[in-house]
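# Structural overview for review
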Amino acid sequence: MTKRLDGRVAVITGAGSGIGLATARRFAAEGAKVVCVDLDEESGAKAANEVGGLFVRADVTDEDAVRAMYETAVEAYGSVDIAFNNAGISPPDDDSILTTGLEAWKRVQEVNLTSVYLCCKYAIPHMQRQGKGSIINTASFVAVMGAATSQISYSASKGGVLAMSRELGVQFAREGIRINALCPGPVNTPLLQELFAKDPERAARRLVHIPLGRFAEPEEIAAAVAFLASDDSSFMTANTFLVDGGISGAYVTPQ
């Protein structure tokens with residue numbers, strides 16, 4: 001494993017499982033000091049212990065908690081070089097616009113979009129003082145495509161993440177801060193496994209649209225995050241970085 005992130009400080013939200021956990025492992029393997037943020041104390045602390053990092057319990061929809069988690073990172077390690085704003089939810093009551101209630105809509109927007117707004121708002125000033133930094137915001141392939149089997153608030157929230165990342169990437173480019181949106185396809189995570197368990201038919205319908213014929217593994221997405229965090233992507237900002245198994249490029253899925 002290369003040490004592209006040697007000595008850099010990375011803050012990861014949603015680090016206790018799925019893509020966040022895989023990325024914490026990848027960042028640590030590449031030499032980063034990792035701050036694992038999660039609402040779940042057990043899984044978050046376990047992740048931090050595994051990668052030799054620091055655990056911070058935080059509700060990423062709480063402005064004071066988000067501000068404090070970056071301050072904690074700086075106090076512990078001296079900087080915030082990488083922010084991977086990854087926490088998100090996809091609850092079963094977020095469905096068609098005709099059936100999704102306002103409370104379900106608001107909750108998904110708060111966790112998936114407002115939290116990214118807050119994380120960017122409080123990570124960027126630390127990076128401005130350093131004159132450099134990389135922010136990776138987790139959007140989704142649904143930010144660039146429509147689905148007939150809708151999760152309306154999820155899709156809208158990820159579209160917001162994509163648009164916000166693009167704008168911030170342009171705004172802060174001359175200050176040495178790169179901001180990109182990661183757009184994964186379906187990933188074999190607890191979130192997807194829960195969808196399979198609750199509605200296997202609906203979940204299986206998604207698989208046929210993936211040219212590679214399978215879901216991504218979290219480690220594959222983590223590799224993409226590590227690339228965006230590293231100097232290997234030094235000329236990339238305001239970018240829509242699709243890692244989707246070919247979904248967004250497919251008109252007819254190869255058989």
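Below or above, wherever it landed, is the structure these notes cover. No experiment lies behind these values; they were computed from the predicted model shown. (Residues numbered from 1 in each chain as written. Predicted model: local features only at pLDDT ≥ 70, side-chain atom pairs only at ≥ 80, totals over all residues. Heavy atoms only, no water.)

### Brief notes about unusual backbone geometry
The backbone of Ala238 sits at a positive phi, close to 55°, despite the residue not being glycine. Take Ala238: it is sitting in the loop between helix 8 (218-229) and strand 7 (240-243). (Helix = DSSP H or I, 4+ residues; strand = E, 2+ residues; numbered from the N terminus.)

### Examining the environment of Arg67
As for its placement among the helices and strands, Arg67 is situated in helix 3 (residues 63-77). Under the relative-accessibility criterion, Arg67 is labelled partly exposed at 30%. With 82 residues separating them along the chain, Arg67 and Thr149 place their C-alpha atoms 36 Å apart. A polar atom in the side chain of Arg67 sits 2.8 Å from the side chain of Asp64. (Buried < 20%, exposed > 50% of the residue type's maximum accessible area, 1.4 Å probe, protein only. Polar contact = N/O pair within 3.5 Å; in protein donor to acceptor, adjacent residues only side chain to side chain.)

### Here we look at the pattern of salt bridges
Counted by the stated rule, this structure contains seven salt bridges. Across the pair Asp232 and Arg4 runs a salt bridge whose closest N-O atoms are separated by 2.9 Å. Residue Asp232 is found in the loop between helix 8 and strand 7, and its partner Arg4 is found in the segment before strand 1 (9-13); the two are separated by 228 residues along the sequence. Classification of Arg4 by relative accessible area gives partly exposed; the value is 21%. Across the pair Arg214 and Glu220 runs a salt bridge, and its minimum N-O distance is 2.8 Å. Owing to a relative accessible area of 39%, Arg214 belongs among the partly exposed residues under this scheme. Because the salt bridges share partners, they merge into one network encompassing Arg4, Arg26, Glu30 and Asp232. (Salt bridge = Lys/Arg side-chain N within 4 Å of Asp/Glu carboxyl O.)

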